[in-house]
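Here are the chains, one letter per residue:
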There are 2 protein chains.
Amino acid sequence: MKEKAKKINEIMDEAGICDMRYGVKGMYIWLPYGMEIRNRIDSMIRGEMKRTNHGEVNFPLLIPENYFKREEEHIKGFSSQVYWVTHGGDKKLKRRLLLRPTSETAMYPSFALWIRTHKDLPLKTFQIVNTYRYETKQTRPLIRVREIHFFESHTAHDTFEDSEAQVREDMGIMERLGKKLCLPYLLNKRPEWDKFAGAYYSLGADAYTPEGRTLQIGTIHNYRDNFARAYNIKYKDEEGEEHYAHQTTYGMSDRLLGAVILTHSDSTGLVLPPEIAPIKGVVIPIIFKGKEKKVMDFAEKLHEELNGKGFVMDDREMTPGSKYYEWEKKGVPIRIEVGPRDVDENSVVMVLRDTKEKIKVKVEDMSSRIDEELDAMSERLYKKAEELLKSRIVRIESLDKRKASRKIVRFSWCGSEECGHTIEDALDMSLLGTGSERENGRCVVCHKECDTIAYGAKTY
Amino acid sequence: MKEKAKKINEIMDEAGICDMRYGVKGMYIWLPYGMEIRNRIDSMIRGEMKRTNHGEVNFPLLIPENYFKREEEHIKGFSSQVYWVTHGGDKKLKRRLLLRPTSETAMYPSFALWIRTHKDLPLKTFQIVNTYRYETKQTRPLIRVREIHFFESHTAHDTFEDSEAQVREDMGIMERLGKKLCLPYLLNKRPEWDKFAGAYYSLGADAYTPEGRTLQIGTIHNYRDNFARAYNIKYKDEEGEEHYAHQTTYGMSDRLLGAVILTHSDSTGLVLPPEIAPIKGVVIPIIFKGKEKKVMDFAEKLHEELNGKGFVMDDREMTPGSKYYEWEKKGVPIRIEVGPRDVDENSVVMVLRDTKEKIKVKVEDMSSRIDEELDAMSERLYKKAEELLKSRIVRIESLDKRKASRKIVRFSWCGSEECGHTIEDALDMSLLGTGSERENGRCVVCHKECDTIAYGAKTY
């Protein structure tokens with residue numbers, strides 16, 4: 001029987017990712033190990049942004065009320081969720097300020113200043129900041145929080161076609177990040193009623209977790225010129241004629257780490273994809289009385305060799321077993337055990353975090369074997385998650401709630417909002433949206449002929 | 001005659017560091033080039049923190065009112081400056097939340113949970129976050145802002161002696177950072193009336209800028225057990241007896257970059273210390289009709305060789321002169337010019353940003369020469385600033401305002417608050433505090449014998 005996975009709070013607590021005892025609901029304290037993981041994910045994203053020529057910017061946290069109130073749909077979408085700053089010291093502010101829930105309304109007045117002619121386009125920017133949403137739903141660390149560690153790219157283009165090319169670039173970035181984080185996902189075009197406030201359309205990257213739900217880990221939006229009209233972002237073309245710019249955004253958050261934890265953890269605790277593991281491995285000398293020096297010297301030599309690969313040495317005075325457990329709970333990919341016999345044989349025992357497989361390796365092969373095993377572990381974690389995801393997708397021809405439980409349902413949908421809501425109500429699920437594939441069939445509700453495939457699941 | 005230095009706003013604008021047209025006073029938009037510099041400074045600080053075994057943490061921005069209101073001196077110091085969040089959406093919050101002006105009050109309730117016994121000490125943490133202060137004084141980019149990009153380390157120790165050792169470690173870090181940023185400074189123990197709210201004592205690192213003022217670029221505080229008593233941070237010693245912990249903090253902000261700009265810029269614009277220059281150099285091919293291909297091929301080969309050193313190639317269709325000016329305004333340390341004659345001679349012309357010196361270098365020597373010149377530039381910038389700082393320190397024996405103008409005054413001070421304020425009023429300056437040196441003399445006001453040397457200057 002499969003052992004029960006630990007709860008996310010327990011895993012985070014035992015690994016030292018967050019302290020969840022802060023005095024504001026939905027806000028958490030990031031601990032050093034958690035910060036090292038988070039910084040690694042940020043670096044990964046920065047690397048992708050640099051590769052694709054996005055410039056990093058940083059806009060203020062506080063947004064003046066009049067900046068915010070210029071795009072109607074956007075206000076509707078966010079105004080119930082914003083934190084308002086009303087006082088500075090004892091003084092009531094003349095103009096209320098809000099904490100950014102996302103940065104469109106902070107940034108686009110500047111876009112209107114920066115963009116003059118077609119030569120200023122495309123404008124590709126991003127920032128990594130914390131955003132704030134006064135969530136009314138139940139909060140949960142990494143998954144639904146009120147202080148969100150947020151990546152947001154904002155771009156502007158001369159044509160809709162160019163903005164579509166940007167969406168494709170973003171999709172490519174999402175795919176590369178998914179691979180590195182060992183997170184497969186479905187990319188769904190959200191239904192009209194669930195798109196981002198102000199967007200022309202929204203794509204959501206939906207990972208599937210063993211809890212039987214999908215988790216949105218990234219969103220890509222094409223705004224067309226909706227925001228440009230509201231914020232007066234215009235450019236002159238070569239003939240000097242004015243046009244509104246076309247805009248896109250791409251957003252991700254700490255949910256990436258949330259999905260990693262929910263997807264890969266086991267009954268012991270955290271399992272980290274090697275790419276984001278702050279510590280790739282730990283060397284543990286197993287001391288027997290009288291053999292201490294021999295083993296310690298050997299272990300120290302190994303550690304010296306592996307230091308540059310992100311390995312640490314654990315020579316604390318504790319039983320090996322409790323050390324093993326501690327490092328396993330931190331999700332460290334590889335453990336190197338060294339006992340007296342290993343010294344004699346000039347070898348080590350390598351233990352893999354995900355499979356717990358033990359491998360005897362000659363010291364001369366150790367370094368290259370580590371590289372191989374880390375790569376193999378990444379691939380294995382991705383494959384395992386991909387198999388789970390695929391195995392949970394079921395094609396349905398009727399609205400059978402039992403068949404849908406803990407599954408991702410796949411069905412033909414005519415695209416009408418009425419049928420969409422009928423599906424959501426009947427299955428007690430969210431309609432994630434439509435995939436890019438086309439298949440002839442009949443809408444699962446109204447039986448109209450259509451070629452659109454939609455997905456539904458319980459979400460977070 | 002010395003050319004007039006540009007204003008900081010103009011330099012920042014022309015270099016592309018910040019856009020200063022945001023809709024909230026004292027808050028600025030960081031542009032890509034500015035962010036690259038800022039990220040480099042952050043990395044430098046993270047490196048120092050890692051070297052000295054501080055763990056990075058991240059506490060929430062929003063602090064509950066009751067957390068804040070536990071240390072009386074601290075409240076007095078900050079309550080007129082905090083931004084208050086009072087509403088979530090349309091709902092009035094039951095408990096007001098404040099934006100951190102600094103993080104003592106957010107962190108120390110957790111310290112009380114984390115610290116149980118002497119084994120938990122020392123606890124060494126830091127975070128890099130934005131802090132918010134509703135400044136009533138005139139705001140100025142990088143110097144006095146309402147959204148502060150802030151580094152703060154917070155430590156806890158079992159004894160006062162150990163907290164003093166921490167202060168010395170922080171002083172060492174400040175010195176290393178000062179060297180890298182080419183910023184000499186005086187370290188002054190602030191007078192009682194100017195120490196940090198809640199501190200036992202405060203040290204300020206005061207850089208001197210050519211504007212004739214000192215700028216506080218770092219502060220190190222020993223809190224003794226003042227905060228520990230307010231936040232109940234206690235540990236059990238080996239005998240099981242309870243004691244309050246001793247705490248220190250160390251803070252720095254974007255003022256580091258402010259000091260760099262004010263100190264090193266010239267009449268052309270920004271001069272960046274090589275260590276934080278996002279672009280170390282630029283290769284500029286100088287094209288003459290008919291020689292294009294020869295020069296371009298040569299320049300491309302050079303750029304390939306120098307790419308890993310942080311050099312870029314500028315082959316835009318513009319006059320060389322306008323390119324030079326643009327890169328100079330960005331403070332890029334080295335320019336490599338390549339014309340047809342250089343190709344024939346297998347050499348380049350290297351131009352140094354600070355001295356504008358032109359050096360002819362053989363291609364085979366180029367790479368090592370670049371390393372040498374960058375190091376020499378760092379040293380030169382530091383030395384120049386140090387000479388300026390030293391030349392502006394004047395020993396005074398009486399309160400002569402004219403003699404003190406644009407200077408750092410140095411004088412004997414008995415230490416009394418009354419004499420201190422008399423000096424401040426008479427010279428229209430701030431008393432920066434006392435240096436570590438001892439010299440026998442008589443207080444410049446009351447003529448009492450004393451061996452304390454104090455410094456005064458106009459500050460920002």
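Residues numbered from 1 in each chain as written. Chains lettered and ligands numbered in written order. Predicted model: local features only at pLDDT ≥ 70, side-chain atom pairs only at ≥ 80, totals over all residues. Heavy atoms only, no water.

## Some words on the pattern of salt bridges
Two side chains that carry opposite charge are able to pair once their charged atoms sit near each other.
Residue and element names in this part refer to chain A.
Phase 1: Evaluation of the coordinates by the stated rule reveals 76 salt bridges over all chains.
Phase 2: For E211, the salt bridge goes to R140, with nearest N and O atoms at 2.9 Å. Taken together, the positions of E211 in the loop between β10 (201-209) and β11 (213-224) and R140 in the loop between β7 (123-132) and β8 (147-157) put the pair 71 residues apart, joining distant regions of the chain.
Phase 3: A relative accessible area of 31% places E211 in the partly exposed class.
Phase 4: Taking the shortest distance from any N to any O, the salt bridge between E345 and K360 comes out at 2.9 Å. Of this pair, E345 sits in helix α11 (residues 340-345) while K360 is found in strand β19 (residues 358-362), placing the two residues 15 residues apart along the sequence. (Salt bridge = Lys/Arg side-chain N within 4 Å of Asp/Glu carboxyl O. Helix = DSSP H or I, 4+ residues; strand = E, 2+ residues; numbered from the N terminus. Buried < 20%, exposed > 50% of the residue type's maximum accessible area, 1.4 Å probe, protein only.)

## A short note on the sheet that holds strand β4 (residues 62-64) of chain A
Phase 1: Spatial ordering of the open sheet is given by β4(A)-β6(A)-β5(A)-β5(B)-β6(B)-β4(B), a layout of six strands whose pairing is antiparallel. Bordering the open sheet on either side are β4 of chain A together with β4 (62-64) of chain B, each of which pairs with just one other strand. Across the sheet, the axes of successive neighbouring strands diverge by a mean angle of 45°, strand direction being ignored.
Phase 2: Strand direction decides the pairing type here: β4 of chain A and strand β6 (residues 91-99) of chain A, joined by three bridges, are antiparallel. What sits directly across from L62 of chain A, in β6 of chain A, is L99 of chain A. (Pairing = 2+ DSSP bridges. Axes fitted to C-alpha atoms, helices over the stretch in contact; angles between N-to-C directions.)

## A word on the domain arrangement of chain A
All names here are of chain A.
Phase 1: Each domain of chain A was delimited in the assignment, giving domain 1 (8-264), domain 2 (279-376) and domain 3 (393-457).
Phase 2: One C-alpha centre belongs to domain 1, the other to domain 2; they are set 41 Å apart.
Phase 3: On the side of domain 2, five residues touch domain 1, which itself brings five residues to the contact.
Phase 4: Taken over both partners, the interface formed by domain 1 and domain 2 buries close to 450 Å², and the fraction arising from carbon and sulfur atoms is 44%.
Phase 5: On the domain 1 side of the interface with domain 2, the three residues burying the most area are E14, A15 and Y33, jointly 86% of the side's total.
Phase 6: One can count zero salt bridges joining domain 1 with domain 2.
Phase 7: Our enumeration of links across domain 1 and domain 2 arrives at two residue pairs in polar contact (both at pLDDT 80 or more).
Phase 8: At the level of elements, α1 (8-15) and α2 (32-51) are the ones that each hand at least two residues to the side of domain 1 that touches domain 2. (Domains from an automatic or database assignment. Contact = heavy atoms within 4.5 Å. Buried area = accessible area lost by both parts, 1.4 Å probe. Polar contact = N/O pair within 3.5 Å; in protein donor to acceptor, adjacent residues only side chain to side chain.)

## Let's talk about the nonpolar core
Phase 1: In this structure, L99 of chain A together with L99 of chain B are the most contacted members of the largest nonpolar core, which totals 89 residues.
Phase 2: The residues touching L99 of chain B, leaving out its near neighbours within four places in the chain, are L61, L62, V85 and L99 of chain A together with L61, L62, Y83, V85 and Y132 of chain B. (Core = buried A, V, L, I, M, F, W, Y, C linked by side-chain atoms within 4.5 Å.)

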